[in-house]
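Here is how the chains run, residue by residue.
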Amino acid sequence: MPPPSTPILALLLLGASAIAFLAGRQTAPDANERVLQELASQRAVLDTLLARTSAVPDVHRDVGPPSQAPSVQAPGAPPREPSPQSLAAVQEGQRLIDAALQVRRWTREDAQAFRAALVDMTPDQRREAMRRLFTTINSQALSVQTGGAPF
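Here the structure is a predicted model, which means the values were calculated and not measured. (Residues numbered from 1 in each chain as written. Predicted model: local features only at pLDDT ≥ 70, side-chain atom pairs only at ≥ 80, totals over all residues. Heavy atoms only, no water.)

Peer 1: Looking at this model, I keep getting lost on a nonpolar patch on the surface. Mind explaining?
Peer 2: On the surface, Val35, Leu36 and Leu39 cluster together into a nonpolar patch covering about 290 Å² of accessible area. Mapped onto the elements, Leu36 comes out in helix H2 (residues 31–55). You can call Leu36 exposed: its relative accessible area is 52%. (Patch = residues over 30% accessible without salt bridge, like charges linked within 9 Å, V, L, I, M, F, W, Y side chains within 5 Å. Areas by Shrake-Rupley, 256 points an atom, 1.4 Å probe, with all protein chains shown as cover. Salt bridge = Lys/Arg side-chain N within 4 Å of Asp/Glu carboxyl O. Helix = DSSP H or I, 4+ residues; strand = E, 2+ residues; numbered from the N terminus. Buried < 20%, exposed > 50% of the residue type's maximum accessible area, 1.4 Å probe, protein only.)

Here it is, written out as structure tokens:
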């Protein structure tokens, strides 16, 4: 039979280890607090950058001959009908995407033709055409073979 001091010694060592472990956890710096502070500082930086970019005027808006300068529409006015030229550009963009889906390839020539069609589209039409192209590419229905940007 072991002497009675051995079980007491084992209990003391185990108890001391547990107390040391718990004391260390209580005194350790809170990692979550540091992460939250870092996230707050990143949020401040992003807010500053967003404020700067929204304050930058659109310098390319009035480029070109005055006959092609975009006109500003009153906020309460009904939306204007798209021009026949922009409607044809939308149809061309859709035709390009549909043709590329048939062969499951988006080539440099497709990208150049799509880029040319984007020029004649209204901003909303352009956004929708690009959304459709990106969705198609991201769903891996097309293999992009342009060697660069897909448009």
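Peer 1: Just checking my understanding: could you explain helix H4 (residues 108–120) for this structure?
Peer 2: Helical geometry note: an α-helix holds 3.6 residues per turn, so side chains three or four residues apart project in the same direction. Listing the buried residues of H4 in full gives Asp110, Ala111, Phe114, Ala117 and Leu118. Buried residues along H4 cover an arc of 125° about the axis, so they all sit on one side. Every exposed residue of H4 that faces more than 90 degrees away from the buried side is listed here: Glu109 and Val119. (Arc of directions from axis to C-beta.)

Peer 1: Got a minute to help me understand the nonpolar core in this structure?
Peer 2: One finds Trp106, Phe114, Leu118, Met121, Leu133 and Leu142 to be the most contacted residues of the largest nonpolar core, which totals 16 residues. Contributions of two or more residues to this core are made by helix H3 (84–103), H4 and helix H5 (123–138). Looking at this core, the element that brings in the most residues is H3, giving five residues. Leaving out residues up to four positions away in the same chain, Phe114 has contacts with Gly93, Leu96, Ile97, Trp106, Ala129, Met130, Leu133 and Phe151. (Core = buried A, V, L, I, M, F, W, Y, C linked by side-chain atoms within 4.5 Å. Contact = heavy atoms within 4.5 Å.)

Peer 1: Where do I start with unusual backbone geometry in this structure?
Peer 2: A negative phi angle is the norm for most residues apart from glycine, just as the trans form is the norm for most peptide bonds. Residues other than glycine seldom take positive phi values, yet Arg104 does so here, at roughly 60°. If you trace the backbone, Arg104 turns up in the loop between H3 and strand S1 (105–107). Here Gln140, not a glycine, exhibits a phi torsion of approximately 65°, which is positive. Relative to the elements of secondary structure, Gln140 occurs in the loop between H5 and strand S2 (143–145).

Peer 1: Quick question: what am I supposed to make of the pattern of salt bridges here?
Peer 2: Any two side chains of opposite charge can pair if their charged atoms end up close together. A complete count under the given rule lists five salt bridges for this structure. In this structure, Glu92 and Arg95 form a salt bridge, with 2.8 Å as the shortest nitrogen-oxygen distance. Of this pair, Glu92 and Arg95 both sit in helix H3, separated by three residues, roughly a single helical turn. Residue Arg132 is joined to Asp98 by a salt bridge in which the shortest nitrogen-to-oxygen separation is 2.5 Å. Of this pair, Arg132 sits in helix H5 while Asp98 sits in helix H3, and the two are 34 residues apart along the sequence. Residue Asp98 is classed as partly exposed on the basis of its relative accessible area of 35%.

Peer 1: I would appreciate a short explanation of the side chain of Ser86 in the present structure.
Peer 2: Among the structural elements, Ser86 can be located in helix H3. Beyond its immediate chain neighbours, meaning those up to four positions away, Ser86 contacts Asp120, Met121, Thr122 and Gln125.

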